[in-house]
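In case you want the letters, here they are:
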Amino acid sequence: MKKVNVENLVPGMVLAKDVYNYNDQLLLSTGLCLNDKAITKLTFYSINHVWVQEDSSPEETASPTVETSYAERVQSSPDFKEFQKKFESSVAKLSIQISDIVEKNSPIDVNSMVVDALGLLNQEHDFNLFDMIHNMRQYDDLTFAHSLNVGLICHVFAGWLQMSEEEANLALACGLLHDIGKLKIPENIIKKPEKLTNTEYGLIKTHPIEGYKILQNYNVNSHIKNAALMHHERYDGSGYPIGLVGRDIDKFARIVSIADVYEAMTAARIYRGSLCPIQVISIFENEGLQKYDTKMIMTFLENIVNTYMLNRVRLNNGKIGEIIFINKHFLSRPVIKCGAEYIDLSTNPELYIEEII
């Protein structure tokens, strides 16, 4: 039996111990052979590590592939290489700006932050942006690159919600600054690979309040302050630090909360070398729809899945096909055309999309 960090798990490893969430509810049982859905579920519940059987190894379980993957095709494109240069520059600027605010009480130039980030949004289609940020995963950075990605997602998301350009820019600013409170948490706890102690987890959960304290005396939009404070609140009252319910949660914080979780889950999957946002949509559908504003979460998920219309995918039974129809009632379970065969995943519960290829 050995302990493995969640980001290092691969399909095929077998659990050696039951896995519980922080409320002591059983998530996964001993003996389960991990697949993509199970690993993504661990990320959704912020599990840091699990115990697996000693003979489970990436070399034995990883599926070899000889064809170019979807991620590899994106990463080799001229658009991605250009985006990468701009992204690296923007992350560097954002890290300096946020660090100076926290450490030196420097002024906050929200407009400068927004203008710089908008330079990354000069893409023809929304899905181009998602392809780009899904593949910017070489950063071992739990704050600045994450915050930039969340801000960019919030801007696109606001457009899907038919918000004005001014509101979309405000949503971007909320995303950029939502995790500023994490700079008040010791770095050894933020980056700790093992399971956090109850004390450490309690300290992590103070970062929304710390973020609000940092921002409260600055002359910035109140939605930015609220997004820092409320982005871990949940519509059903299960969030923190206050336990707010429904529309008591700031509208922009509700946007950030969805973008934040989506970015974190897709980031964890990229570290395992497998890009499949469809699996993340499945986790939202199965575990979390009630936790978010209904209109917002459905708008977000519908638009995400529509960006992968006509993409080639591999199912868990090995069959390869393309997405040809999105079922609005089961967004993660579209109709797949595999040669002359049409497979409706909504009526085949044993099947699911394992990988976008």
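Notes on the structure follow.

**Topic: the pattern of salt bridges**
Part 1 of the reasoning: Applying the stated criterion across every chain, the model contains 7 salt bridges.
Part 2 of the reasoning: Notably, a salt bridge pairs Lys182 with Asp179, separated by 3.5 Å at the nearest N-O pair. Taken individually, Lys182 and Asp179 each receive the classification buried, so the pair is uniform in this respect.

**Examining the side chain of Ser332**
Part 1 of the reasoning: Mapped onto the elements of the fold, Ser332 is located in the loop between strand E6 (320-325) and strand E7 (335-338).
Part 2 of the reasoning: Polar side-chain contacts of Ser332 include one of 2.6 Å to the side chain of Glu285.
Part 3 of the reasoning: Residues in contact with Ser332, not counting those within four places in the same chain, are Ile278, Ile281, Ser282, Glu285 and Leu345.

**Points about helix H5 (residues 110-118)**
Part 1 of the reasoning: Taken residue by residue, H5 has Met113, Val114 and Ala117 as its buried positions. Angular distribution of buried residues about the axis of H5 spans 95°; they occupy a single face of the element.
Part 2 of the reasoning: Contact partners of the buried residues in H5: helix H4 (78-104), helix H7 (144-160) and helix H8 (165-177).

**Quick notes on the pairing of E7**
Part 1 of the reasoning: Of the strand pairs in this sheet, E6 and E7 are connected by 3 bridges, and their pairing is antiparallel. Of the residues in E7, the one forming a bridge with Ile323 is Ile336.
Part 2 of the reasoning: By the bridge criterion, 4 bridges tie E7 to strand E8 (residues 341-344) in an arrangement that is antiparallel. What sits directly across from Val335, in E8, is Asp344.
Part 3 of the reasoning: In this structure, the hairpin formed by E7 and E8 is closed by a connection of 2 residues, where Gly339 is found at a positive phi of approximately 65°.

**A few points about the pairing of strand E5 (residues 312-315)**
Part 1 of the reasoning: The pairing of E5 with E6 spans 3 bridges and is antiparallel. Opposite Arg314, over in E6, you have Ile320 as the bridge partner.
Part 2 of the reasoning: Two successive antiparallel strands, E5 and E6, enclose a turn made up of 4 residues, where Gly318 displays a positive phi of approximately 95°.
Part 3 of the reasoning: Pairing between E5 and strand E9 (residues 353-356): 3 bridges, direction antiparallel. Considered in E9, the bridge of Arg314 is made with Glu355.

**Description of the sheet that holds E5**
Part 1 of the reasoning: With antiparallel pairing, 5 strands are arranged side by side in an open sheet as E8-E7-E6-E5-E9. A single partner strand is all that each edge strand has here, and the edge strands are E8 and E9. Averaged over all neighbouring strand pairs, the angle between strand axes comes to 40°, with direction disregarded.

**Comments concerning the environment of Ile356**
Part 1 of the reasoning: Of note, Ile356 is situated in strand E9.
Part 2 of the reasoning: Considering only alpha carbons, one finds Ile356 and Ala71, 285 residues apart in sequence, at a separation of 8.6 Å.

**A look at the packing of aromatic side chains**
Part 1 of the reasoning: For the structure on display, the rule yields 7 aromatic pairs.
Part 2 of the reasoning: By the ring-pair criterion, three or more aromatic residues cluster together here, those being Phe130, Phe157, Trp160, Tyr262 and Phe300.
Part 3 of the reasoning: Across from the ring centre of Trp51, 4.8 Å away, lies the NZ or CZ of Lys17, which sits over that ring.
Part 4 of the reasoning: Residue placement shows Lys205 over the ring face of Tyr240; its charged tip is 4.9 Å from the ring centre.

**A look at unusual backbone geometry**
Part 1 of the reasoning: With an omega of 10°, the peptide bond between Tyr240 and Pro241 qualifies as cis.
Part 2 of the reasoning: With respect to the helices, strands and loops of the structure, Pro241 is situated in the loop between helix H12 (222-230) and helix H13 (251-271).
Part 3 of the reasoning: Even without a glycine there, the phi angle at Asn105 is positive, about 55°.
Part 4 of the reasoning: Relative to the helices and strands, Asn105 is located in the loop between H4 and H5.
Part 5 of the reasoning: Here the phi dihedral of Leu310 falls at roughly 75°; this positive angle occurs in a residue that is not glycine.
Part 6 of the reasoning: Relative to the assigned elements, Leu310 resides in the loop between helix H15 (294-306) and E5.
Part 7 of the reasoning: Look at Leu310 and you get exposed, because its relative accessible area is 54%.

Analysis parameters
- Along every chain, residues carry numbers that run from 1 in the direction the sequence is written.
- For this predicted model, a pLDDT threshold of at least 70 governs which residues receive local features, and a threshold of 80 or more governs which side-chain atom pairs are given and counted, while totals over whole chains, interfaces and linings are taken from all residues.
- Side-chain calculation: all heavy atoms of the structure are included, whereas hydrogens and water are not.
- Counted as salt bridges are all cases of a side-chain nitrogen of Lys or Arg within 4 Å of a carboxyl oxygen of Asp or Glu.
- A 1.4 Å probe rolled over the protein chains alone gives each residue an accessible area, and that area as a share of the maximum for its type sets the label: buried under 20%, exposed over 50%, partly exposed in between.
- Secondary structure elements are defined from DSSP: runs of H or I of at least 4 residues count as helices, runs of E of at least 2 residues count as strands, and each element is numbered from the N terminus.
- What qualifies as a polar contact is a pair of N or O atoms within 3.5 Å, subject to a donor-acceptor requirement within protein and to the restriction that residues adjacent in sequence count only when both atoms come from side chains.
- For this analysis, residues touch if any pair of their heavy atoms sits within 4.5 Å.
- The arc refers to the directions leading from the helix axis to the C-beta atoms.
- When DSSP finds at least two bridges between two strands, those strands are taken to pair.
- Axis geometry follows a simple rule: fit a line to the C-alpha atoms, using only the stretch in contact for helices, then measure angles between N-to-C directions, giving values from 0 to 180 degrees.
- Classification of ring pairs rests on two measures: the distance between centres of Phe, Tyr or Trp rings, Trp counted by its six-membered ring, which must be within 6.5 Å, and the angle between planes, read as stacked under 30 degrees, edge-to-face over 60 and tilted in between.
- Either the NZ atom of lysine or the CZ atom of arginine qualifies as a charge over a ring when it sits within 6 Å of the ring centre and within 35 degrees of the ring normal.

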